[in-house]
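If you want the building blocks of each chain, they are given just below.
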There are 2 protein chains.
Amino acid sequence: MFQANRIRGVLAPVLTPFKSDLSPDPQRFIAHCRWLVSQNCGLAVFGTNSEANSLSSEERLTLLDQLVAAGVEPSKMMPGTGCCSIGETVKLTSHAVKHGCAGVLMLPPFYYKEVTEEGVYRYFSEVVQRVGDRRLKIYLYHIPAVAIVGITPRLVERLLKAYAGSIAGMKDSSGDWNNTKTFLDAFAARAGGPVSGFDVFV
Amino acid sequence: MFQANRIRGVLAPVLTPFKSDLSPDPQRFIAHCRWLVSQNCGLAVFGTNSEANSLSSEERLTLLDQLVAAGVEPSKMMPGTGCCSIGETVKLTSHAVKHGCAGVLMLPPFYYKEVTEEGVYRYFSEVVQRVGDRRLKIYLYHIPAVAIVGITPRLVERLLKAYAGSIAGMKDSSGDWNNTKTFLDAFAARAGGPVSGFDVFV
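Position labels on residues start from 1 in each chain and follow its written sequence. Lettering of chains starts at A and numbering of ligands starts at 1, both following the order in which they are written. For a predicted model such as this one, the threshold for reporting local features is a pLDDT of at least 70, and the threshold for listing and counting side-chain atom pairs is 80 or more; totals across whole chains, interfaces and linings nevertheless cover every residue. The side-chain values count all of the structure's non-hydrogen atoms but skip hydrogen atoms and water molecules.

Trainee: So what's going on with the relation of the copies chain A and chain B? Which residues, and what values?
Mentor: Copy-to-copy superposition: least squares on the C-alpha atoms, limited to residues that have pLDDT of at least 70 in both copies. At an RMSD of 0.0 Å, chain A and chain B line up after a rotation of 180° and a shift of 0.0 Å along the axis. Interpreted geometrically, this transformation is the action of a two-fold axis. Residue A:Tyr111 of chain A places its C-alpha closer to the rotation axis than any other residue of that unit, at 3.9 Å. Residues count as neighbours in contact if any of their non-hydrogen atoms are within 4.5 Å of one another. Take the interface residues of chain A: 100% of them recur as interface residues in chain B, which is what a same-surface contact looks like.

Trainee: Which residues make up the interface of chain A and chain B, and what are the values?
Mentor: In this assembly, 28 residues from chain A lie in contact with 28 residues from chain B. Summing the contributions of chain A and of chain B, the shared interface buries around 2,100 Å²; its carbon and sulfur component is 56%. When two parts are put together, the accessible area they lose, computed with a 1.4 Å probe and summed over both, is reported as buried area. By the criterion of area lost to chain B, the three top residues of chain A are A:Tyr111, A:Tyr112 and A:Val146, representing 32% of everything that side buries. When a carboxyl oxygen of Asp or Glu is within 4 Å of a side-chain nitrogen of Lys or Arg, the pair counts as a salt bridge. Counting every contact that joins chain A to chain B gives zero salt bridges. N or O atoms closer than or at 3.5 Å make up a polar contact, with two conditions inside protein: a donor-capable atom paired with an acceptor-capable one, and, for residues adjacent in sequence, both atoms drawn from side chains. Scanning the region where chain A abuts chain B turns up 12 residue pairs in polar contact (both at pLDDT 80 or more).

Trainee: Please set out helix H2 (residues 57-69) of chain B residue by residue, giving values where relevant.
Mentor: Residues and elements named next belong to chain B. For helices the rule is a DSSP run of H or I covering at least 4 residues; for strands it is a run of E covering at least 2, with both sets numbered from the N terminus onward. By this rule the span expected of a helix is its residue count minus one, scaled by 1.5 Å. Between its first and last C-alpha, H2 extends 18 Å over 13 residues, near the 18 Å set by a 1.5 Å rise per residue. Buried means the residue's accessible area, taken with a 1.4 Å probe over protein chains only, is under 20% of the maximum for its type, while exposed means over 50%, and partly exposed covers the values in between. Every buried residue belonging to H2 is among Ser-57, Arg-60, Leu-61, Leu-63, Leu-64 and Leu-67, and all of these are buried. The buried residues of H2 all sit within an arc of 165° when viewed along its axis, so they share a single face. One or two positions beyond H2, positive phi appears at Gly-71, with a value near 95°. In this context, the arc is that of the directions from the helix axis out to the C-beta atoms.

Trainee: Outline the packing of helix H3 (residues 86-98) of chain B against helix H4 (residues 117-131) of chain B, listing residues and values.
Mentor: Residue and element names in this part refer to chain B. Each axis is a line fitted through C-alpha atoms, and for a helix only the stretch in contact is used; angles between axes span 0 to 180 degrees, taken between their N-to-C directions. As a packed pair, H3 and H4 sit with axes 9 Å apart at the nearest point and diverge in direction by 45°. By the angle class used here, H3 and H4 are oblique. You can see that H3 and H4 cross each other, and the crossing is right-handed. Residue-level inspection shows Ile-86, Thr-89, Val-90, Thr-93, Ser-94 and Val-97 of H3 in contact with H4, the latter providing Tyr-123, Glu-126, Val-127, Arg-130 and Val-131. For classification purposes, an angle smaller than 35 degrees is called roughly parallel, one larger than 145 roughly antiparallel, one from 65 to 115 roughly perpendicular, and anything else oblique. Crossings are classed by handedness, with left-handed meaning an anticlockwise turn of the near helix from the far one by less than a right angle and right-handed meaning a clockwise turn.

Trainee: Please provide a residue-by-residue account of the side chain of B:Lys137, values included.
Mentor: Structurally, B:Lys137 can be placed in the loop between H4 and strand S4 (138-142). Aside from chain neighbours lying at most four places away, what touches B:Lys137 is B:Asn5, B:Arg6, B:Ala102, B:Gly103, B:Val104, B:Ser166 and B:Ala168.

Trainee: I'd love a proper account of the packing of H2(B) against H3(B), names of residues and values included.
Mentor: Residue and element names in this part refer to chain B. Close contact between H2 and H3 brings their axes to 11 Å; oriented N to C, the two are set at 5°. What the angle tells us is that H2 and H3 run roughly parallel. Every residue of H3 that contacts H2 at Ser-57, Glu-58, Arg-60, Leu-61, Leu-64 and Asp-65 is listed here: Glu-88, Lys-91, Leu-92, His-95 and Ala-96.

Trainee: Could you give me a rundown of the packing of aromatic side chains, with the residues and numbers involved?
Mentor: Here a Phe, Tyr or Trp ring, Trp counted by its six-membered ring, pairs with any other such ring whose centre lies within 6.5 Å, and the pair is stacked when the planes are under 30 degrees apart, edge-to-face when over 60, and tilted otherwise. Enumeration over the complete set of coordinates arrives at 15 aromatic pairs over all chains. Where A:Tyr111 meets A:Tyr112, the ring centres are 4.8 Å apart and the plane angle is 85°; that geometry is what we call edge-to-face. Ring geometry for A:Tyr123 and A:Phe124: centres 5.1 Å apart, planes at 80°, overall edge-to-face. Here A:Tyr123 and A:Phe124 have matching classes, each one buried. Of the aromatic side chains, those joined through ring pairs into one cluster are A:Phe110, A:Tyr111, A:Tyr112, B:Phe110, B:Tyr111 and B:Tyr112. In this scheme, Lys NZ or Arg CZ marks a charge over a ring once it lies within 6 Å of the ring centre and within 35 degrees of the ring normal. Its end group placed over the ring of B:Tyr121, B:Arg158 keeps NZ or CZ at 3.9 Å from the ring centre.

Trainee: Tell me what's going on with the pattern of salt bridges, and back it up with residues and numbers.
Mentor: Residues and elements named next belong to chain A. Taken as a whole and judged by the stated rule, the model has 22 salt bridges over all chains. Residue Arg-28 pairs with Asp-25 through a salt bridge whose shortest N-O separation is 3.5 Å. Residue classification places Arg-28 among the partly exposed positions, given a relative accessible area of 49%. Asp-25 sits in the buried class, given a relative accessible area of 12%. The partner of Arg-135 in a salt bridge is Asp-133, and the shortest N-O contact between them spans 2.7 Å.

Note that all results are geometric; they support no functional claim without further evidence.
In structure tokens:
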């Protein structure tokens, strides 16, 4: 069944511990992730609460390598990989897919504002095509208070039409239940239809 | 005199030419920069109009290397180097300083919103200290419609007090003359004072 190996349950927005020199602390990060997994939590690493966008791409790649090398299970992980640059997003996403992560949480490009829906569609479209891996599962990250650039129902509809296998769901951090319900009603309930298997996290 | 070797005149926001595979085109970039210099323009490369934030750090480093290698004069350049990550900002800024660029145009970190002035101050403060080069000349980049996070008079005052030699000016892209005048009156006119040499570009 299509959804059988989808990640389920609670995913913790994983804090990133930093040393006093502002570099991330891999040992405390690994210990924290192990504890979360022991509590039956999935790991939303490199999200907004993680200060991921204050890290360099290299730091994010290295931390994920260290986490996997420490034996934390990638099938429990949904790292954030969305950057302003398509190239960097593809690099972080391919790396997560190769590690066997359950999925990736992907911001739209967030520097330029008032981008057209077509522009945002092309960004995600390029990323899917460039990653070019059937294991790819993207969870679109809607957090308008921070990213300003958001995920719209029409965007999801277009992406599901083109890349149903790779667009696995979304995280709606709008804090607006009406918005969440709009996406649930439009996409999550279409079991058996061509777009079955779109999960909405909050 | 303090301001003698400061960059002066018109700086063009330099467009970045892209190939159809979305990678930057160094040959057309170099040709365009040469032409701009021949028209007596300085080069504000890697700004907002340049789509710099859609490029990876590596692409920006490589393009600047290629531009300098082609014989375009670094003393005419003010590359944009402000990223969300202090580490990446330091890397791009140090690279520009080592090439002998006239200055760098530096965005505040722009992912997280409603950051305190203290937080933005510490970002610039860390960058100045980590670059640790007396040749460093930062032009603070105020473009609130896009970055949302802005540059305030009190921030400039604090930075000038701590790092007068490194904080060389600002670019005010607010499009609001009253805002520009506020900064001109407060900082640019203090010739002979301890904060002489703060230039305001629009």
